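What follows is the residue order along each chain.
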Amino acid sequence: MVNAVKVFKKTAPNGKLTVYLGRRDFVDNTSSTEPVDGIVVCDNDYLRGRKVYATVTVTYRFGREEDEVMGLHFSKEMQLASQQIYPNSETPQLTAVQDRLLKKLGANAYPFAVVLPANAPCSVQLHPGTEDAIKPLGVIYDLKVFVGDSADEKPHKRNSVNLAVRKVQYCPAGGNRRQPSTLVSKGFTLSPGKLNMEVNLDKDVYYHGETIIPNISVTNGSKKSVKNIKCSVVQHIEVTMTNNHITREVAAVESKEGCPITPGTTLNKTFNLNPLATTNKNRYGIALDGKLKDTDANLASSTMVGEGKNPNDALGIIVSYSVRVRLNCGALGGELVADLPFKLTHPITDSVAAPTKTETKEGEDIVFEDFARLRRGMSVDNN
């Protein structure tokens, strides 16, 4: 059986310019970000002395389009990087897929690798809660390849190609072996003693699809009784442009097993929580890495920064997660709440860790897939 290497392809409306990408996702591992790389094929007779450029722009939409009135806009579009592909005196370091494509596509094929700034935000989309065709809220990247006399001119649609790409974040190599833990206590007015709760996780970094198992230990040294326990995974979202903070429960379990926890007793209990995008289909404001209708869309990964960098300096939409445990002590006793932060992300693979060294075997065929027909999370072409 012959394996196939999938390559995504899109052609300009006039048929004179074709762009090939070996991948749609470009990875930030907190220390560096992969360049947006591919191959462009252009007829030299069509250029007539003009040049071929590639630019990467980011659109940051932080408000609904229907709320824009009297010149007020809730989106910002910024060009992050630009590169002249042809003519180009410097040849970028080629990936294995680029090398194969250059040999296959002939003399009119030119490689490119557009480097993104180190502080560029990650791709995140806020779920609108409906399936209506509205412009998505969040951070969206576009790669544009066009023919022109200068990089500053506005490209015409007929001689340009637009492709939606994603900047995604993976767990840094080596991970984090810290075991998070928190201890909280609550005293009661006119009642001696305290209610104590300790929450532990077996690791700090979880991957999408993994079950999160918090271990809870309750010691009731008060005169009140605990009626029930609720354990949930909470997604925290910060929209930096407007300084809005959103919290959403993405998984929750409520239990009365072992309750009531009467004065002088203890309880040790574990919960199984599995936060998934598919179980939050109707939740407005959930942060995703793609559109929920796409089967492989995940909840947005935790925003991570490199060593020595301040998390408050992160741009775009900042996402974090925590396990939240609530002990209900009745109408008069109130609640004891504990929040324990953790990270939710993608596991790094060998091909992600060293994309330029990834080898393609001679027996592998290259299969071209039309870019416009592909639905892959945020990598959906809306043109």
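Residues numbered from 1 in each chain as written. Predicted model: local features only at pLDDT ≥ 70, side-chain atom pairs only at ≥ 80, totals over all residues. Heavy atoms only, no water.

A tally of regular secondary structure across the protein gives four helices and 23 strands. Residue pairs in contact within the protein that sit at least 24 positions apart in sequence constitute 69% of those at least 6 positions apart. Summed over all atoms, the accessible surface of the protein reaches about 19500 Å², with 48% contributed by carbon and sulfur. (Helix = DSSP H or I, 4+ residues; strand = E, 2+ residues; numbered from the N terminus. Contact = heavy atoms within 4.5 Å. Areas by Shrake-Rupley, 256 points an atom, 1.4 Å probe, with all protein chains shown as cover.)

Within helix α2 (residues 96–105), the full set of buried residues consists of Ala96, Gln98, Arg100 and Leu101. Just downstream of α2, Gly106 is the residue with a positive phi angle, here 95°. (Buried < 20%, exposed > 50% of the residue type's maximum accessible area, 1.4 Å probe, protein only.)

As summarised here, the arrangement of the five strands in space is β13-β20-β19-β15-β16, forming an open sheet in which the pairing is mixed. Where the open sheet ends on each side, the last strands, each with one partner, are β13 (205–207) and β16 (244–255). On average, adjacent strands in this sheet sit at an angle of 35° to one another, irrespective of strand direction. (Pairing = 2+ DSSP bridges. Axes fitted to C-alpha atoms, helices over the stretch in contact; angles between N-to-C directions.)

With that settled, the discussion passes to the confidence of the model for the protein. The predicted model of the protein has a mean per-residue pLDDT of 81, with 83% of residues at 70 or higher. In the model of the protein, strand β23 (residues 379–380) stands out as the element of lowest mean pLDDT, 36, in contrast to strand β14 (residues 215–220), which has the highest, 95. In the model, residues 354–363 has pLDDT below 50 throughout and makes 16 contacts with residues more than four positions away in sequence or in other chains. Across residues 373–383 the pLDDT falls below 50, and counting only partners more than four positions away or on other chains, this stretch makes 41 contacts in the model. (pLDDT = per-residue confidence, 0-100.)

This paragraph deals with the packing of aromatic side chains. Summed over the entire model, instances satisfying the criterion amount to four aromatic pairs. Three or more aromatic residues link up through ring pairs in this structure, and these residues are Tyr206, Tyr321 and Phe342. Residue placement shows Arg50 over the ring face of Tyr46; its charged tip is 4.8 Å from the ring centre. Stacked on the ring of Phe271, the Lys or Arg Lys269 has its end atom at 5.4 Å from the ring centre. (Phe/Tyr/Trp six-rings, centres within 6.5 Å; stacked < 30°, edge-to-face > 60°. Lys NZ or Arg CZ within 6 Å of the ring centre and 35° of its normal.)

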